[in-house]
Amino acid sequence: MQGRLLVWLALLFGGAACAAPGDTLHVGSKRFTESYVLGEVLTQAAAPHAKVEHLQGMGNTAIVLAALQAGRIDVYPEYLGTIDLEILKHTQAAPLEQIRRELAAMGLGVAVPLGFNNTYALAVRGGADGPTKLSELAAQPALRFGLSHEFIGRADGWPGLSKRYGLPERPEGLDHGIAYEALMQRQVDVIDIYSTDAKIRQYGLRVLDDDRAYFPRYDAMLLYRLDTPARFPAAWKAIAQLEGRISATDMIAMNAAAEIDGQSFANVARGWLAAHMPQAGKAAVPASAPVRDGLLAKIFDKNLWPLTRQHLTLVLAAVLLACVVGIPLGVLAAEFSRLRQVVLGLTGVLQTVPSLALLALLIPLLGMIGTVPALAALVVYALLPIVRNTCTGLLQVPAGLRLAAQALGLRPMQRLVHIELPLALPVILAGVKTAAVMSVGTATIAAFIGAGGYGERITIGLALNDNDMLLAGAIPAALLALLTQAAFELLERLASRAPSQRV
């Protein structure tokens, strides 16, 4: 029964990304600039031959891989070293044929090497002083390391690197999008980079020599579901023509166009396709001049309504489900004093679980990413104010009214429905209002697992260190929270008048 409910919710709230998987080629990307750009290149190359949707910035490797295995996406750009060491958990580089055999057992394949190697590296500020090789870091324990969260946790990242080089430092987690600025502002001394990052040259950083050959090759390739070429033969043929076409110089230039020049990912991809694959470029709208959009343009772009719809759907569904669960729990807590502390304590503890940690727990538990785990997390966070206010409102009903209702022969359920709940309604609505306003803000985390909403702009802004894009996600969310609060205050006034009018 619970499984059927989750499937129904996924179909109801998942939108186009979950509907009719055979009709739409779903392209995924991770939450950093290069992945966004490559996702757009794939999308636009395939667009003349199939209906294509790009699910941008879905999260880290684990989340995007889960989406691929679950059928939420069909293909995404990945790196051979990541597949080999992080996904397949090899301790040493394996031959490509072995990698393909092991992926085939998972229903996946790897193909279409794009033409460049984007390996990991560590970098420091340029200048005459400072280390030049990774082996020199062990002798400088005072250096402050600011590394991306994924790099800190990856098997081919910090754990293996620190062992290979005997590094005693303890790194701090830092989003890749702001790492360069933190380095230049001397908040950290060492960061992890991708070798095709445009900002290496912009900031004049020194890339440390991997003198013990720790990092493997990270050739950019496509990780895909094995049934994708058969389901989308024309689109896959067009995508396959990308093989060997994107050089490291091309990729650095595209990253620079997005991060430094402020071009949209779609424009960057369109410009590259027009220059290097004219047959694909002709099907696309010509790339516009590289002009950085302002804040208003980013707020009111074509994605505003789809993102608003996704955000509203998440909030409304979460609050509705939280009411369905929370109000009965509040009634039980008010009716049975022994249960009161247990119910309130449990909902209070759930409220303290960090949002990203809760999502990380829900993804393997539910076996999917996207709307359903995001919705489950929002329901958990919305429960406490609804349960607490329901219990408080019912306990505030005068004992005399309860006795009078009992004297009139009303059964407990009749007293609850006709006397107690109406009198407690203003207090309950206040709790629902708190839950709804909180949910508007909390729903921005949904974008980290591919569920959409205003958080998509925030994740893109983090990836690009683009304050305007961050505000383009934060401002609509704040306005929606204010509108939600105003709507509930109106409902509270109406509810507070109702009992007096009936009396």
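The shown structure was predicted, so the numbers you read here are calculated from the model rather than taken from an experiment.

This paragraph deals with the layout of surface pockets. In this model, the second largest pocket occupies a volume close to 580 Å³. In terms of lining residues, the second largest pocket is bounded by 25 residues, among which Arg31, Gly59, Asn60, His149 and Glu150 are the most central. Those elements that place two or more of their residues in the lining of the second largest pocket are helix H3 (61-70), helix H6 (149-153), helix H8 (176-184) and helix H18 (355-366). Residue contributions to the lining of the second largest pocket peak at 6 residues, all from H18.

A complete count under the given rule lists 14 salt bridges for this structure. When the shortest N-O distance is used, the salt bridge between aspartate 175 and arginine 31 registers 3.1 Å. Linking aspartate 175 in the loop between strand E7 (172-173) and H8 with arginine 31 in the loop between strand E1 (24-28) and helix H2 (33-46), this pair joins segments that are 144 residues apart in sequence. Relative accessible area serves as the criterion here: at 24%, arginine 31 is assigned to the partly exposed category. Put simply, arginine 231 and aspartate 227 hold a salt bridge, and the shortest N to O gap is 3.8 Å. Judged by relative accessible area, which is 33%, aspartate 227 ranks as partly exposed. In the salt-bridge network here, residues are joined through shared partners; they are Asp74, Arg225, Asp227 and Arg231.

What follows covers the nonpolar core. Judged by nonpolar contacts, the single largest core of 70 residues is most densely connected at Ile73, Tyr76, Ile83, Ile99, Leu103 and Leu223. Among the elements that line this core, the one with the most residues is helix H19 (residues 371-395), at 14 residues. Those residues in contact with isoleucine 83 that sit more than four places away from it in its chain are Glu78, Leu88, Ile99, Leu103, Val110 and Leu223. Core analysis: the second largest hydrophobic core is formed by 62 residues, Ala46, Leu143, Tyr165 and Trp272 among them.

Moving on: unusual backbone geometry. Even without being a glycine, arginine 186 presents a positive backbone phi close to 60°. Of note, arginine 186 is situated in the loop between H8 and strand E8 (190-194). If you check the backbone angles, alanine 213 has positive phi at about 50° while not being a glycine. Take alanine 213: it is sitting in the loop between strand E9 (206-207) and strand E10 (220-225).

Quick notes on the rules
- Residues numbered from 1 in each chain as written.
- Predicted model: local features only at pLDDT ≥ 70, side-chain atom pairs only at ≥ 80, totals over all residues.
- Heavy atoms only, no water.
- 1 Å grid on protein atoms, 1.4 Å probe; cavity = no way out; pocket = protein on both sides within 12 Å on 5 of 7 lines; lining within 4 Å.
- Points joined across faces, edges and corners; volume = space filled by probe spheres on them.
- Helix = DSSP H or I, 4+ residues; strand = E, 2+ residues; numbered from the N terminus.
- Salt bridge = Lys/Arg side-chain N within 4 Å of Asp/Glu carboxyl O.
- Buried < 20%, exposed > 50% of the residue type's maximum accessible area, 1.4 Å probe, protein only.
- Core = buried A, V, L, I, M, F, W, Y, C linked by side-chain atoms within 4.5 Å.
- Contact = heavy atoms within 4.5 Å.

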